[in-house]
Amino acid sequence: MTRFPPDRRRTLLAAERPTEALSRHGRHRVALGFPNSYEIGMSNLGFQWVYRLLNREDDVACERFFAEDEDDDRRGPRTLESDRPLGEFPLVAFSISWEMDYANFLRLLPAARIPLERDGRVEGDPVVLVGGDCARINPAPLTPWVDVFAMGDGEKLVRPLGEILRRDLSRERTLHEFARIPGFYVPAVHGPRAEEADEGRIVVQQLKAADGASREPPHTTLLTPHTELSDKLLIEVARGCSEMCRFCWAAYAMAPQVRIPAEAVLEVARRNRPLTSRAGLIATAVADHPEILTILRGLSALDFHIALSSVKIDAISPEILAILTVQGERALAIAPEAGNERLRLALNKKVSDAMLREKVRLIAASGITQLKLYLQIGLPGETDEDVGDLVRLVDDLRRIFLDEGRKRGRIGTLVPNVNAFIPKPHTPFENEVLDEPESIAQKLKLLDDAFRKMPNVTFRGMPVVEAVWEAYLAKMGLESGPILREAAAGVPVRKLVKEHRETILSVVRPIRPAFPGPPSDLPRGVFDPHARQASPWGFIHKS
Ligand code: SF4
C-alpha cells in the first residue's frame with residue numbers, strides 16, 4: 001500500500017498549487033504520513049500545516065505519504081514528492097486525527113519494512129513519531145509501536161524537532177534528546193505510563209490564549225482539486241470553544257481558547273484570493289469568535305464562496321445567514337444535542353427550547369432548506385422521557401421549519417442525526433459509561449419508528465456496532481494490541497466487536513471503578529482525580 005501508481009502520482013503533483021514557496025532541499029529528511037487516502041489527508045488542515053512548518057525548518061526537507069490502495073509491485077509505501085521508500089528517511093512521522101486510522105498505521109510500517117515493534121528497531125531504522133489529536137488524547141494503545149509521541153501544537157514542537165534532526169545523532173541519542181523536551185513522550189525512555197518522566201507526567205505543549213493575537217493563522221499549504229474539499233482554502237480562526245459542553249473533548253483539551261484576529265485571517269484570504277475563490281473556516285466552533293461577522297463580511301467582500309460546517313446555535317443571526325445564503329448555501333447544521341432543557345443544562349449546553357425555536361425560524365426564513373440536527377442518545381442521566389423529548393423536539397422544529405418554508409414557497413427537510421454518547425478522555429464525562437448496546441438499539445428503533453411517520457424528516461442514526469467500536473477506540477489501553485492487529489489484518493469491525501465483546505465492554509462499560517479505593521462520591525460531570533490517574537491517559541497533563 002501507499003505507493004502511488006506513476007500516473008496518479010504525476011497527476012496529483014501537477015495539480016497542486018502552493019500558497020507558500022516550499023524549499024525542497026534539506027539534508028535532514030522527514031517523511032510525513034497521513035494514514036488514510038490522499039483525498040482525506042490533504043483535507044486535513046493540521047497535516048497541511050505541519051508539512052509547512054517542517055519544510056520551513058533550516059536544512060529540513062519534508063515529503064508526504066498516504067495510505068493508498070494495494071500496489072502490485074510490492075515495493076512498499078513511498079513518498080509522493082520523490083517516490084522514495086519510507087525506510088530511507090531518518091524520521092517517519094504520522095499525523096493521526098482519528099483512531100479509526102490506527103489499523104492503517106499498523107499496516108504501513110510492515111509494508112515499509114520498518115519493524116512494527118519499537119523494541120525491534122535498531123540503529124539505521126527510522127524513528128517513528130506520531131502527532132495529531134490521537135497522540136494527545138490517549139497515546140497508550142500505540143506505545144508498543146511508536147518511538148516518539150508529539151503532544152501539542154506544531155508551533156511549539158516542530159522547532160525543537162528540527163534542532164534534534166540537525167544534530168545527526170544516533171537513534172538512541174535521538175530518542176533521549178526527544179525525551180528531554182517537554183511535549184515529547186518517548187515510551188522507551190519515559191516508560192509505558194511515563195513513570196520515569198518528571199513527576200510521572202507528560203505535559204502537552206499548546207499555545208496560550210494570549211498567543212492568538214500574534215499567531216499566524218494556520219491555512220492550507222497546498223491547494224488541490226483532488227480533495228474532499230476541492231481547492232478550498234482552509235483557514236483556522238480559533239482553537240478551543242468557550243462553551244465547554246461536558247462531553248466535548250475539543251473544548252477541554254484545547255482550552256483556553258486561542259482566537260486569531262479577523263485582520264490576520266483576512267490577510268491570508270486576500271493574499272491567496274488569486275489562487276482560489278473557495279474558503280473554509282476551521283475552528284472548534286466556528287461562530288464562537290467575537291469577530292466572526294467581520295471575517296464573514298471580509299471574505300464575502302473578497303468574493304469568496306464560504307461554507308461553514310456547523311454554526312453554534314446562540315451565534316446564529318440574520319446577517320450570518322444572509323452572507324451564507326446569498327452565495328447559494330442551502331444546508332446548515334446545528335447541534336441541540338438533547339431533547340429538553342434539563343438534559344442540555346446537565347451537558348452545560350446553554351440553549352433553551354425558546355432559543356432553539358427562534359433560531360430555527362430564522363434559519364428557515366433565510367432560505368436554508370436542509371437543516372441537520374446533531375442529537376445524542378445514552379447521555380449521562382438520560383431517562384425514557386428524555387428520549388421521547390427528542391421526538392417532540394424534532395416534531396416541534398419541523399413545524400416551524402415548514403411554516404417558514406411555506407411562506408417562501410420552498411419546503412425544506414430536517415435531518416436528525418442521532419449519535420450515541422461516547423465518553424471521551426479529558427472531559428468531565430470521561431468516566432461515564434457507554435449506554436448498553438441493546439438499549440442504544442431500542443432507542444434508535446423508537447426514533448426511527450417515530451421519525452418515519454413525520455413528513456420532511458430524514459433520520460440518520462449511528463449504527464450500534466460503530467458506537468461500541470468508537471467508544472472502545474477512545475478509551476482503550478494496552479490490552480487493545482491483539483484487537484488492533486486483527487483490525488490491521490482486515491478483520492471487519494462487526495466481527496471484532498462480537499469476538500472481543502467481553503474485553504471491549506470492560507473498557508466502555510467498566511463494572512467497577514478502575515482504581516483502588518471506594519467509588520467516588522463526586523457529583524456527575526466533575527473530574528475525578530483518582531479515576532483519572534488510573535486511566536490509560538492519566539499521565540497526560542496540560543501546560
Ligand atoms: S459548542 Fe460545540 S465545540 Fe463548543 S464545547 Fe459545545 S460541543 Fe464543543
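Remember, predicted model here, so these are calculated numbers, not experimental data. (Residues numbered from 1 in each chain as written. Predicted model: local features only at pLDDT ≥ 70, side-chain atom pairs only at ≥ 80, totals over all residues.)

A.B. asks: Got a sec to walk through the overall build of the chain? Specific residues and values, please.
C.D. replies: On a plain count of helices and strands, the chain comes out with 21 helices and 18 strands. Rg of the C-alpha trace for the chain: 24 Å, near the compact-globule value of 24 Å for 543 residues, within the 12% margin. Its C-alpha atoms give the chain principal-axis dimensions of roughly 70 × 60 × 50 Å. By the burial criterion, 47% of the 543 residues in the chain qualify as buried. When contacts within the chain are restricted to residue pairs at least 6 apart in sequence, long-range pairs at least 24 apart make up 74% of them. (Helix = DSSP H or I, 4+ residues; strand = E, 2+ residues; numbered from the N terminus. Rg over C-alpha atoms; globule rule 2.2 N^0.38 Å. Buried ≥ 20, exposed ≤ 12 C-beta atoms within 10 Å, placed from the backbone. Contact = placed C-beta atoms within 7 Å.)

A.B. asks: Can you tell me about the environment of Leu 444, naming the residues and giving the values?
C.D. replies: For Leu 444, the position within the fold is in helix H16 (residues 437–452). Taking the C-alpha atoms as reference points, Leu 444 and Gly 33, 411 residues apart in sequence, are found 37 Å from one another. Excluding its chain neighbours within four sequence positions, the residues that come into contact with Leu 444 are Val 418 and Gly 461.

A.B. asks: Lay out helix H17 (residues 464–475) in plain terms, naming residues and giving numbers.
C.D. replies: Relative to the 16 Å expected for 12 residues at 1.5 Å per residue, H17 spans 17 Å between its end C-alpha atoms, a close match to the ideal helical length. In terms of burial, H17 is largely enclosed, as 10 of its 12 residues are buried. All of the buried residues along H17 are Val 464, Ala 467, Val 468, Trp 469, Glu 470, Ala 471, Tyr 472, Leu 473, Ala 474 and Lys 475. In this structure, the buried side of H17 is in contact with strand S16 (413–420), H16, helix H19 (493–499) and helix H20 (501–508). (Expected span 1.5 Å × (residues − 1).)

A.B. asks: Can you explain the sheet that holds strand S5 (residues 127–131)? Please cite residues and give values.
C.D. replies: With mixed pairing, six strands are arranged side by side in an open sheet as S3-S2-S4-S5-S6-S7. In this open sheet, the two edge strands, each paired with only one partner strand, are strand S3 (60–66) and strand S7 (184–185). Looking at chain direction, strand S2 (residues 28–34) and S3 are connected through seven bridges and run parallel. What sits directly across from His 28, in S3, is Val 60. In the packing of helix H7 (residues 171–180) onto the sheet, the strands contacted are S5, strand S6 (148–150) and S7, and the crossing angle to S5 comes to about 25°. (Pairing = 2+ DSSP bridges. Axes fitted to C-alpha atoms, helices over the stretch in contact; angles between N-to-C directions.)

A.B. asks: So what's going on with the packing of helix H11 (residues 292–301) against helix H12 (residues 318–326)? Residues and values would help.
C.D. replies: Viewed as axis vectors pointing N to C, H11 and H12 meet at an angle of 25°, and their least axial separation amounts to 10 Å. Classified by the angle between their axes, H11 and H12 sit roughly parallel to one another. Here H11 runs over H12; the crossing is left-handed. Residues Leu 293, Leu 296, Arg 297 and Ser 300 of H11 touch H12, and the partners they reach there are Glu 319, Ile 320 and Ile 323. Residues that form the contact of H11 with H12 fall into these classes: four nonpolar, one polar and two charged. (Parallel < 35°, antiparallel > 145°, perpendicular 65-115°, else oblique. Left-handed = near helix turned anticlockwise from the far one by under 90°. Nonpolar A, V, L, I, M, F, W, Y, C, P; charged D, E, K, R; others polar.)

A.B. asks: Tell me about helix H4 (residues 102–111), residues and numbers included.
C.D. replies: When you tally the buried positions in H4, you get nine out of 10 residues, the bulk of the element. Considered for burial, the residues of H4 that qualify are Tyr 102, Ala 103, Asn 104, Phe 105, Leu 106, Arg 107, Leu 108, Leu 109 and Ala 111. Each element contacted by the buried residues of H4 is listed here: S2, strand S4 (91–95), S5 and helix H18 (481–488). Following H4 by one or two positions, Arg 113 has its phi on the positive side, about 60°.

A.B. asks: Before we move on, could you go through the environment of Ala 209 and cite the residues and values that matter?
C.D. replies: Along the chain, Ala 209 turns up in the loop between strand S8 (202–204) and strand S9 (222–223). A tally of 13 C-beta atoms within 10 Å means that Ala 209 is categorised as partly exposed. Sequence separation of Ala 209 and Gln 257 is 48 residues, and the distance between their C-alpha atoms is 5.7 Å. Leave out the neighbours within four places in its chain, and Ala 209 touches Pro 256, Gln 257 and Val 258.

A.B. asks: Can you break down the sheet that holds S16 residue by residue, with the values?
C.D. replies: Strand order across the open sheet formed by four strands is S14-S15-S16-S17, with parallel pairing between neighbours. Both outer strands of the open sheet, strand S14 (331–337) and strand S17 (460–461), are each paired with one neighbouring strand and no more. Relative to strand S15 (residues 370–377), S14 runs parallel, the two being bridged by five bridges. Across the sheet, the residue bridging to Glu 337 is Leu 375, located in S15. H16 contacts S15, S16 and S17 of the sheet and is inclined by roughly 175° relative to S16.

A.B. asks: Go over the packing of helix H14 (residues 353–366) against helix H15 (residues 384–408) with me, naming the residues and quoting the values.
C.D. replies: At a minimum axis distance of 8 Å, the contact between H14 and H15 shows a crossing angle of 30°. Comparing their axes, H15 and H14 come out roughly parallel. For the crossing formed where H14 meets H15, the hand is right-handed. Counted together, Leu 356, Arg 357, Val 360, Arg 361, Ala 364 and Ala 365 of H14 and Asp 396, Leu 397, Ile 400, Phe 401, Glu 404 and Gly 405 of H15 form the full contact between these two elements. Here the contact of H14 with H15 is composed, by residue class, of seven nonpolar, one polar and four charged.

A.B. asks: I'd like to hear about the nonpolar core, residue by residue, with values.
C.D. replies: Note on soluble globular proteins: their nonpolar side chains tend to be buried together. In this structure, Val 148 and Val 468 are the most contacted members of the largest nonpolar core, which totals 154 residues. Among the elements that make up this core, the one with the highest residue count is H17 (eight residues). Not counting residues up to four positions away in its chain, the partners in contact with Val 148 are Val 127, Leu 129, Leu 175, Phe 178, Phe 184 and Val 186. (Core = buried A, V, L, I, M, F, W, Y, C linked by C-beta atoms within 7 Å.)

A.B. asks: Describe the pairing of S16, with residues and values.
C.D. replies: Here S16 shows a clear split, with Leu 414, Pro 416, Val 418 and Ala 420 buried on one side and none of Thr 413, Val 415, Asn 417 and Asn 419 buried on the other. Both S15 and S16 contribute to a ladder of eight bridges, which runs parallel. Bridge pairing links Tyr 374 to Asn 417 in S16. Taken together, S15, H15 and S16 form a β-α-β motif whose crossover is right-handed. (Right-handed = clockwise from strand over helix to strand, strands pointing away.)

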